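Overview (structure and organization)
Each chain is listed here by its residues.
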Amino acid sequence: MHVGKKFLNVLSGHREAVPPVWLMRQAGRYLPEYRAVREKAGGFLDLCFNPELAAEVTLQPVRRFGFDAAILFSDILVVPLALGRKVEFLVGEGPKLEPLTDAAGLGTLRTEIDQAVVGKVYETVTRVKSALDDKTTLIGFCGAPWTVATYMVAGEGTPDQAPARMFAYRDPDTFARLIDRLADASIDYLTGQLKAGAECVQLFDTWAGVLSQAEFDRWCLMPTKKIVDGVRARVPGAKIIGFPRGVGSKLWRYVKDTGVDAVGLDWMQGLTYAREHIQTLKPVQGNLDPLALLAGGDALDREIDAVMQALAGGPFIFNLGHGILPPTPIAHVERMLKRVRG
């Protein structure tokens, strides 16, 4: 047992009477203190690569709400940047990358991640770890290869990730080489975060739900397993949470085949299914609808109660089923915490 660290106890398969709580994107625009630092930093990437300011925004929600975990403030597109691709964040438009659509584009990638890029992130991790108390867990993260590839191929976010899916169908060999390169980079990057002070890591596969069964196996399951095995070969016993959004009943295979320690449930995942088929295998995390948190009031209470009733009887971390929405009132987060913690 991890004395005082409820979050790590749950990842080890233990149930906590009051589940630990954190929120995806908990450091962000819904907090006035975040907006003030963001303005001071300049661009979004300037903030990600300024260890002092990135550490500050990582700590802000923990200070304000007393969450049981802090998640590193960074972005999933650090990996393509560290592999030599141009990445920009345009105000109001989100990320823009130079599209990678063929073997020639793949040939421009670095064979290893640029330590000058990721070194700033590791420094943030070390700063945050030294500032946290002994009850709060520090989570590192990266994007899963499939999800990162969807942005690299299209050059931006798209509604259905068709550009990456077409690339994978038309030229599976080149696409497999891209996924492999991203998996290797992710192993290096997550290992670096763990060695810098992160106590567990989360793999975000936000676009796993758009894949057919065979493509899901090839581009989501297998690369995730490769990362889990690769990180644990370098950091024995490393704790890893998987978050494959929108995969429905394919979640059972993901949990069984990848080796993750726990799995994040998106808000679309059925609670009975999660309790009977997933939580019997591994601890679960989730899955309040971010819109319910935004709505507040009785609707929020009902949704919290449903999640708690279904999942709090086993190893469980309370979270959202995706990232917190920027307009979410702080009072709603406080109401949620009071209800979860009784």
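Residues numbered from 1 in each chain as written. Predicted model: local features only at pLDDT ≥ 70, side-chain atom pairs only at ≥ 80, totals over all residues. Heavy atoms only, no water.

- In the annotation of an unreviewed UniProt entry, the chain is listed under the name Uroporphyrinogen decarboxylase and assigned to Pseudolabrys taiwanensis.
- The annotation that UniProt attaches to the chain under Catalytic activity (unreviewed entry) is "uroporphyrinogen III + 4 H(+) = coproporphyrinogen III + 4 CO2".
- Checking UniProt for the chain, the heading Subcellular location (unreviewed entry) contains the comment "Cytoplasm". (UniProt positions renumbered as here; feature names shortened; annotations may be inferred.)

Re the nonpolar core
- Among the nonpolar cores identified, the biggest contains 129 residues, and F7, F175, L178, F318, V333 and M336 are the most heavily contacted of them.
- Top contributing element to this core by residue count: helix α10 (residues 172-196), with 12 residues. (Core = buried A, V, L, I, M, F, W, Y, C linked by side-chain atoms within 4.5 Å. Buried < 20%, exposed > 50% of the residue type's maximum accessible area, 1.4 Å probe, protein only. Helix = DSSP H or I, 4+ residues; strand = E, 2+ residues; numbered from the N terminus.)

Here's the deal with the packing of α10 against helix α11 (residues 213-234)
- Put simply, α10 and α11 touch, their axes get as near as 9 Å, and they point 35° apart. For α10 against α11, the interelement crossing comes out right-handed.
- Across the contact of α10 with α11, the residue classes tally to 12 nonpolar, 3 polar and 7 charged. (Axes fitted to C-alpha atoms, helices over the stretch in contact; angles between N-to-C directions. Left-handed = near helix turned anticlockwise from the far one by under 90°. Nonpolar A, V, L, I, M, F, W, Y, C, P; charged D, E, K, R; others polar.)

Quick look at the UniProt feature "domain: Uroporphyrinogen decarboxylase (URO-D)" (unreviewed entry) in the chain
- UniProt feature "domain: Uroporphyrinogen decarboxylase (URO-D)" (unreviewed entry): in the numbering of this structure it lies at residues 20-29 and 139-155.
- Between the first and last C-alpha atoms of residues 20-29 the distance is 23 Å; the span itself is 0% helix and 0% strand.
- Across residues 139-155, helical content stands at 59% and strand content at 29%; the span's end C-alpha atoms are separated by 28 Å.

Some details on the packing of helix α4 (residues 51-65) against helix α7 (residues 115-131)
- Packing of α4 against α7 leaves a shortest axis separation of 8 Å and a crossing angle of 45°. It follows from the interaxial angle that α4 and α7 lie oblique. With respect to the hand of their crossing, α4 and α7 are arranged in right-handed fashion. Listed contacts from α7 to P51, E52, A54, A55, T58 and L59 of α4 are K120, E123, T124, R127, V128 and A131.
- Classifying every residue of the contact of α4 with α7 by side-chain character gives 6 nonpolar, 2 polar and 4 charged. (Parallel < 35°, antiparallel > 145°, perpendicular 65-115°, else oblique. Contact = heavy atoms within 4.5 Å.)

Remarks on α11
- The end-to-end C-alpha distance of α11, which contains 22 residues, comes to 31 Å, matching closely the 32 Å that a straight helix rising 1.5 Å per residue would cover.
- The set of residues buried in α11 consists of E215, F216, W219, C220, L221, P223, T224, I227, V228, G230 and V231.
- Contacts from the buried residues of α11 go to α8 (145-154), α9 (162-170), α10, β5 (200-205), β6 (240-244) and α12 (251-258). (Expected span 1.5 Å × (residues − 1).)

Quick word on the pattern of salt bridges
- According to the stated counting rule, one finds 21 salt bridges in the structure shown.
- With a closest N to O distance of 2.7 Å, R232 and D261 form a salt bridge. Within this pair, whereas R232 is found in helix α11, its partner D261 is found in the loop between α12 and β7 (262-264), the two being separated by 29 residues in sequence.
- Taking relative accessible area as the criterion, R232 reaches 23% and is therefore assigned partly exposed.
- Two residues, D261 and K239, come together in a salt bridge whose shortest N-O distance is 3.7 Å. (Salt bridge = Lys/Arg side-chain N within 4 Å of Asp/Glu carboxyl O.)

Side note on the layout of surface pockets
- Volume-wise, the largest pocket comes out at about 1200 Å³.
- What lines the largest pocket is a set of 37 residues, among which R25, R29, F44, D75 and F89 lie closest to the centre.
- Elements supplying a minimum of two residues to the lining of the largest pocket: α2 (32-41), β2 (87-90) and β3 (94-97).
- In terms of residue class, the lining of the largest pocket is built from 21 nonpolar, 11 polar and 5 charged. (1 Å grid on protein atoms, 1.4 Å probe; cavity = no way out; pocket = protein on both sides within 12 Å on 5 of 7 lines; lining within 4 Å. Points joined across faces, edges and corners; volume = space filled by probe spheres on them.)

Some remarks on the side chain of K5
- Counting through the fold element by element, K5 comes out in the segment before α1 (6-11).
- For K5, a relative accessible area of 10% corresponds to the buried category.
- Not counting chain neighbours up to four residues away, the residues in contact with K5 comprise D134, K135, T136, T137 and E199.

Details of the UniProt feature "binding site: substrate" (unreviewed entry) in the chain
- Those places that UniProt annotates as "binding site: substrate" (unreviewed entry) correspond, in this numbering, to R25, Q26, A27, G28, R29, D75, Y151, T206 and H322. The named residues occupy 298 residues along the chain; their greatest pairwise C-alpha distance, 22.7 Å, places them well apart from one another. Considering only the residues just annotated, the largest pocket is lined by R25, A27, G28, R29, D75, Y151, T206 and H322.
- Structurally, A27 can be placed in the loop between α1 and α2.
- Looking at A27, the relative accessible area reads 13%, which means it is buried.
- Ignoring anything within four residues of it in the chain, the contact list for A27 reads Y34, V57, T58, P61 and F73.
- Counting through the fold element by element, H322 comes out in the loop between β9 (316-320) and α16 (330-341).

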